[in-house]
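Observations on the three-dimensional arrangement
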Amino acid sequence: MSIENRVEATTKNIEGKVQEMVGEVTGNPQDKAEGQAKQAEAQLRHTVENIKDDVKKSLE
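Residues numbered from 1 in each chain as written. Predicted model: local features only at pLDDT ≥ 70, side-chain atom pairs only at ≥ 80, totals over all residues. Heavy atoms only, no water.

Convention followed: UniProt positions are given in the numbering used here, feature names are shortened, and annotations may be inferred rather than shown by experiment.
Naming follows an unreviewed UniProt entry, where the protein chain appears as CsbD family protein of Fischerella major NIES-592. Regarding the protein chain, the relevant UniProt record gives this comment under Sequence similarities (unreviewed entry): "Belongs to the UPF0337 (CsbD) family."

Encoded structure:
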């Protein structure tokens, strides 16, 4: 498990949530979509880290 990767993913998720909210408030669909994309990327990063953890545990 890489703590740094998880922190980066969490940061990306927070950025995405903020950007999505700004897009909703301002009525900018591009900001909203970019925020959602950042959140999806963060979820993917977390999933990759979970898989790495599972593989590492199975090899122990």
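Structure's up, so let's keep going.
1. Some details on the overall build of the protein chain
To keep it simple, the criterion reads: Helix and strand assignments come from DSSP, with helices taken as H or I runs of at least 4 residues and strands as E runs of at least 2, each series counted from the N terminus. Computation of the radius of gyration draws on C-alpha atoms, with the globule rule given as 2.2 Å multiplied by the number of residues to the power 0.38. Type-normalised accessible area, obtained with a 1.4 Å probe on protein chains alone, sets the label of each residue: buried when under 20%, exposed when over 50%, and partly exposed for intermediate values. The contact rule is simple, with two residues in contact once any of their heavy atoms fall within 4.5 Å. Computed with the Shrake-Rupley method and a 1.4 Å probe, the accessible areas treat only the protein chains shown as cover for residues. As used throughout, the charge tally considers Lys and Arg to be positive and Asp and Glu to be negative, leaving His and the chain termini uncounted. All charge positions are set by atom: Lys at NZ, Arg at CZ, Asp at CG, Glu at CD.
Tallying secondary structure elements over the protein chain gives two helices and zero strands in all. Against the compact-globule benchmark of 10 Å for 60 residues, the protein chain has a radius of gyration of 14 Å, which places it well outside the compact range. Structurally, the protein chain occupies a C-alpha span of about 50 × 15 × 10 Å along its principal axes. Every one of the 60 residues in the protein chain was classed for burial, and the buried ones make up 22%. By sequence separation, contacts in the protein chain at least 24 residues apart represent 51% of the contacts at least 6 residues apart. Accessible surface, the protein chain: about 4,400 Å² in total, of which carbon and sulfur atoms supply 58%. Of the side chains in the protein chain, 9 bear a positive and 12 a negative charge, and the two mean positions are spaced by 2 Å.

2. Some points on helix α2 (residues 29-59)
Residues that lie three or four places apart on an α-helix share one face, since the helix turns once every 3.6 residues. To be explicit about the condition: By this rule, a helix spans an expected 1.5 Å times one less than how many residues it contains. Side-chain atoms alone can form a polar contact between residues adjacent in sequence; in general such a contact is a pair of N or O atoms within 3.5 Å, and within protein one must be able to donate a hydrogen while the other accepts it.
Taking 1.5 Å of rise per residue, 31 residues should cover 45 Å, and α2 covers 45 Å from first to last C-alpha, within 8% of that figure. Residues G35, Q39, A42, E49 and D53 constitute the buried set of α2. Elements that come into contact with the buried residues of α2 comprise α1 (3-26). With a side-chain oxygen positioned 2.9 Å from the backbone nitrogen of Q30, the residue opening α2 is N28.

3. Details of the pattern of salt bridges
What counts is decided by this rule: Salt bridges are defined as contacts in which a side-chain nitrogen from Lys or Arg sits within 4 Å of a carboxyl oxygen from Asp or Glu.
Summed over all chains, the structure comprises four salt bridges. Among the ionic pairs, K52 bridges to E49, the shortest N-O distance being 3.1 Å. Here E49 and K52 lie together in helix α2, a separation of three residues that amounts to about one turn. The buried category is assigned to E49, whose relative accessible area is 3%. One network of salt bridges, with partners in common, ties together E8, E41 and R45.

4. Focus: the UniProt feature "domain: CsbD-like" (unreviewed entry) in the protein chain
Here, the residues flagged by UniProt with the feature "domain: CsbD-like" (unreviewed entry) are residues 5-57. The span residues 5-57 is 96% helix and 0% strand, and its two end C-alpha atoms sit 18 Å from each other.

5. Comments concerning the packing of α1 against α2
The cut-off we apply is this: Each axis is a line fitted through C-alpha atoms, and for a helix only the stretch in contact is used; angles between axes span 0 to 180 degrees, taken between their N-to-C directions. Between 65 and 115 degrees an angle is taken as roughly perpendicular, under 35 as roughly parallel, over 145 as roughly antiparallel, and anywhere else as oblique. In a left-handed crossing the near helix is turned counterclockwise from the far helix by less than a right angle, and in a right-handed crossing that turn is clockwise. The classification used treats Ala, Val, Leu, Ile, Met, Phe, Trp, Tyr, Cys and Pro as nonpolar, Asp, Glu, Lys and Arg as charged, and all other residues, Gly among them, as polar.
Closest axis-to-axis distance for the α1/α2 pair is 7 Å, and the angle between their directions is 160 degrees. As far as their axial angle goes, α2 and α1 are roughly antiparallel. Every pair of crossing elements has a handedness; the one defined by α1 and α2 is left-handed. Considering only residue class, the contact of α1 with α2 consists of three nonpolar, eleven polar and 16 charged.

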